[in-house]
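Spelled out from the first residue to the last, the chains are:
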Amino acid sequence: ILQAGGVKQLVALLVRGHAASDAHRRRLPPDIKQQLDKSAEEASNALWQLAAKAPSCNAAIRKANAIGPLVETLLRSGLGSSTAQFAAKAVVELVQADEAAKMAALDAIAAVSSKEAFDGHGWSLSFPLLRHLLQPLEAISRGFHQKLHLTIQVDLPLPVIERIRGLQADAGHKPAFEQRKG
């Protein structure tokens with residue numbers, strides 16, 4: 001599967017399905033929408049199975065940046081759907097690997113929740129294991145960003161702020177604020 005590029009194809013299938021759905025949101029014929037939904041379900045299921053059963057596939061799926069498309073699938077498919085269930089299971093398998101994967105999931109949740117097609121209100125209640133895995137990191141990240149924002153407000157010397165930014169980058173966090181001018 002890895003040698004044949006199957007993981008990349010599965011991720012591409014999810015991404016293309018979202019792009020087609022967004023582009024033709026109001027004009028999509030029901031049979032095409034049904035086909036896109038079915039392909040998203042099958043791709044999510046395959047990615048979950050691969051992530052759960054083969055460590056090399058798990059790593060390849062993360063390397064293919066599948067977490068974002070899986071989170072988008074989870075939050076756009078309707079929380080009770082089998083597609084959302086498969087996508088959530090795949091994300092759970094992937095985020096157990098490392099903190100960077102957890103941050104990718106949190107970033108994807110934040111990005112998807114602002115889109116018009118968002119259908120994921122209540123995801124943390126529907127998928128408690130995923131919430132459990134992401135919650136500690138989200139709290140740490142939120143606290144880190146609050147502390148970082150506070151240091152800017154008290155106008156610490158620029159070398160200190162740059163050191164904090166460096167630590168943040170080393171930890172795999174994206175800056176929560178723009179570069180300081182001046």
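Everything numeric here is computed off the predicted structure, so don't read it as measured data. (Residues numbered from 1 in each chain as written. Predicted model: local features only at pLDDT ≥ 70, side-chain atom pairs only at ≥ 80, totals over all residues. Heavy atoms only, no water.)

Draft legend 1. Quick peek at the packing of helix 2 (residues 30–53) against helix 3 (residues 55–63). Two numbers describe how helix 2 lies on helix 3: the axes approach to 5 Å, and their chain directions differ by 125 degrees. Between helix 2 and helix 3, the crossing angle belongs to the class labelled oblique. Counted together, Leu47, Leu50, Ala51 and Lys53 of helix 2 and Pro55, Cys57, Asn58 and Ile61 of helix 3 form the full contact between these two elements. Its residues assigned to classes, the contact of helix 2 with helix 3 comprises six nonpolar, one polar and one charged. (Axes fitted to C-alpha atoms, helices over the stretch in contact; angles between N-to-C directions. Helix = DSSP H or I, 4+ residues; strand = E, 2+ residues; numbered from the N terminus. Parallel < 35°, antiparallel > 145°, perpendicular 65-115°, else oblique. Contact = heavy atoms within 4.5 Å. Nonpolar A, V, L, I, M, F, W, Y, C, P; charged D, E, K, R; others polar.)

Draft legend 2. Representation of the confidence of the model for the chain within the structure. Looking at the chain, pLDDT values average 77 and 69% of them are 70 or higher. The element-level mean pLDDT for the chain is lowest in helix 8 (residues 128–153), coming to 62, with helix 5 (residues 82–95) highest at 95. Low confidence marks residues 147–156, where pLDDT is under 50. Its contacts with residues over four positions away, or in another chain, come to ten contacts. Between residues 175–182, whose pLDDT stays under 50, and residues either more than four places distant or in other chains, the model counts 15 contacts. (pLDDT = per-residue confidence, 0-100.)

Draft legend 3. Spatial organisation of the packing of aromatic side chains. Here the structure, examined in full by the defined rule, presents one aromatic pair. Ring geometry for Trp48 against Phe86: centres 5.9 Å apart, planes inclined by 25 degrees, an arrangement best described as stacked. With Trp48 in helix 2 and Phe86 in helix 5, this pair connects stretches of sequence that are 38 residues apart. Taking the relative accessible area as the measure of exposure, Trp48 reaches 19% and is therefore buried. (Phe/Tyr/Trp six-rings, centres within 6.5 Å; stacked < 30°, edge-to-face > 60°. Buried < 20%, exposed > 50% of the residue type's maximum accessible area, 1.4 Å probe, protein only.)

Draft legend 4. Quick look at the environment of Val11. Turning to its location among the elements, Val11 is positioned in helix 1 (residues 6–23). We classify Val11 as buried; its relative accessible area is 5%. As for Val11 and Leu70, which are separated by 59 residues in sequence, their C-alpha atoms are 8.2 Å apart. Apart from residues lying up to four places away in sequence, Val11 is in contact with Leu47, Ala64, Asn65, Ala66 and Pro69.

Draft legend 5. Region of the structure containing the pattern of salt bridges. Inspection of every chain in the model, using the stated rule, returns four salt bridges. A salt bridge links Glu41 to Lys38; the shortest N-O distance between them is 3.7 Å. Of the two residues, Glu41 and Lys38 are both situated in helix 2; the distance of three residues between them amounts to about one turn of the helix. On the accessibility criterion, Lys38 (43% relative accessible area) is partly exposed. (Salt bridge = Lys/Arg side-chain N within 4 Å of Asp/Glu carboxyl O.)

Draft legend 6. Quick peek at helix 6 (residues 99–113). With 15 residues, helix 6 ought to run about 21 Å at 1.5 Å a step, and its terminal C-alpha atoms sit 21 Å apart, in line with that. Listing the buried residues of helix 6 in full gives Ala101, Lys102, Met103, Ala105, Leu106, Ala108, Ile109 and Val112. (Expected span 1.5 Å × (residues − 1).)

Draft legend 7. Focus on the packing of helix 2 against helix 5. Running from amino to carboxyl end, helix 2 crosses helix 5 at an angle of 30 degrees, the nearest separation of the two axes being 8 Å. Taken together, helix 2 and helix 5 sit at an angle that is classed as roughly parallel. The two elements helix 2 and helix 5 meet at a crossing, and its hand is left-handed. Contacts between helix 2 and helix 5 pair Asp37, Ala40, Glu41, Ser44, Asn45, Leu47, Trp48, Ala51 and Ala52 from the former with Ser82, Thr83, Phe86, Ala87, Lys89, Ala90, Glu93 and Leu94 from the latter. Across the contact of helix 2 with helix 5, the residue classes tally to nine nonpolar, four polar and four charged. (Left-handed = near helix turned anticlockwise from the far one by under 90°.)

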